[in-house]
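As a plain string of letters, each chain reads:
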Amino acid sequence: MDVKSAFLNGYLNKEVYVEQPKWFIDPSFPNHVYKLKKALYGLKQAPRAWYERLTQFVVNQGYIKGGTDKTLFVKDDDGRLMITHIYVDDIVFGGMSSKIVQHFV
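All figures in this text were calculated on a predicted structure; none of them were measured in a lab.

Enquirer: Would you take a moment to explain the overall build of the protein for this structure?
Expert: Of regular secondary structure, the protein possesses two helices and six strands. Counted from the first residue to the last, the protein has its helices and strands arranged as β-β-α-β-β-β-β-α. In summary, the protein has a C-alpha radius of gyration of 20 Å against a globular reference of 13 Å for 105 residues, an excess of more than 25%. Residues classed as buried in the protein amount to 21% of the 105 residues present. Long-range contacts, defined as pairs at least 24 residues apart, comprise 35% of the intrachain contacts of the protein with a sequence gap of at least 6. Accessible surface for the protein amounts to roughly 8300 Å². Of this, 59% is attributable to carbon and sulfur atoms. Across the protein, the 14 positively charged side chains and the 11 negatively charged ones have centroids separated by 3 Å.

Here is the structure:
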């Protein structure tokens, strides 16, 4: 799964200011800068802000974050195993029921 608007959904932990784009300068305030309320695509903080917000959501859904691999999340719901792996704005899901798990054990 590819999350198209991933970097637009992260919250910033610090104040970030950007200058006005050359094609969008406010004639009344040409020297003003913008304070961002949320992350923007291309902002160096955007991937981390997205990852932190997504991690919080996934953990709140009952997943356990990997100890070594911080991008791997596992959920065991009464013998139904769900695995989620996050790489930047891509997410891979997989799962098995207890019957299949017991077959392989």
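Enquirer: Just checking my understanding: could you explain the sheet that holds strand S3 (residues 64–65) for this structure?
Expert: Pairing is antiparallel in the open sheet, where four strands are placed in the order S3-S4-S5-S6. Where the open sheet ends on each side, the last strands, each with one partner, are S3 and strand S6 (90–96). Of the strand pairs in this sheet, strand S5 (residues 80–87) and S6 are connected by seven bridges, and their pairing is antiparallel. Following the sheet pairing, Met-82 is matched in S6 by Gly-95. Taken strand by strand, helix H1 (residues 46–60) contacts S3, strand S4 (72–77), S5 and S6, and its axis lies near 10° from that of S4.

Enquirer: Just to check I follow, could you spell out the environment of Val-92 for this structure?
Expert: With respect to the helices, strands and loops of the structure, Val-92 is situated in strand S6. Considered as a pair, Val-92 and Leu-54 are 38 residues apart in the sequence and their alpha carbons are 13 Å apart.

Enquirer: Hey, could you run me through the pairing of S4 in this one?
Expert: Each regular strand displays side chains that alternate between the two surfaces of the sheet. Bridging between S3 and S4 involves two bridges; their strand directions are antiparallel. Bridge pairing in S4 places Ile-64 opposite Val-74. Linking two consecutive strands that pair antiparallel, namely S3 and S4, is a turn of six residues. Pairing geometry for S4 and S5, over six bridges, is antiparallel. Residue Leu-72 lies in a different strand from S5, and its bridge partner there is His-85. As consecutive antiparallel partners, S4 and S5 are separated by two residues, and within that stretch Asp-78 has a phi angle of approximately 50°, a positive value.

Reading guide: rules and limits
Residues numbered from 1 in each chain as written. Predicted model: local features only at pLDDT ≥ 70, side-chain atom pairs only at ≥ 80, totals over all residues. Heavy atoms only, no water. Helix = DSSP H or I, 4+ residues; strand = E, 2+ residues; numbered from the N terminus. Rg over C-alpha atoms; globule rule 2.2 N^0.38 Å. Buried < 20%, exposed > 50% of the residue type's maximum accessible area, 1.4 Å probe, protein only. Contact = heavy atoms within 4.5 Å. Areas by Shrake-Rupley, 256 points an atom, 1.4 Å probe, with all protein chains shown as cover. Lys, Arg positive; Asp, Glu negative; His and termini not counted. Charge placed at Lys NZ, Arg CZ, Asp CG, Glu CD. Pairing = 2+ DSSP bridges. Axes fitted to C-alpha atoms, helices over the stretch in contact; angles between N-to-C directions.

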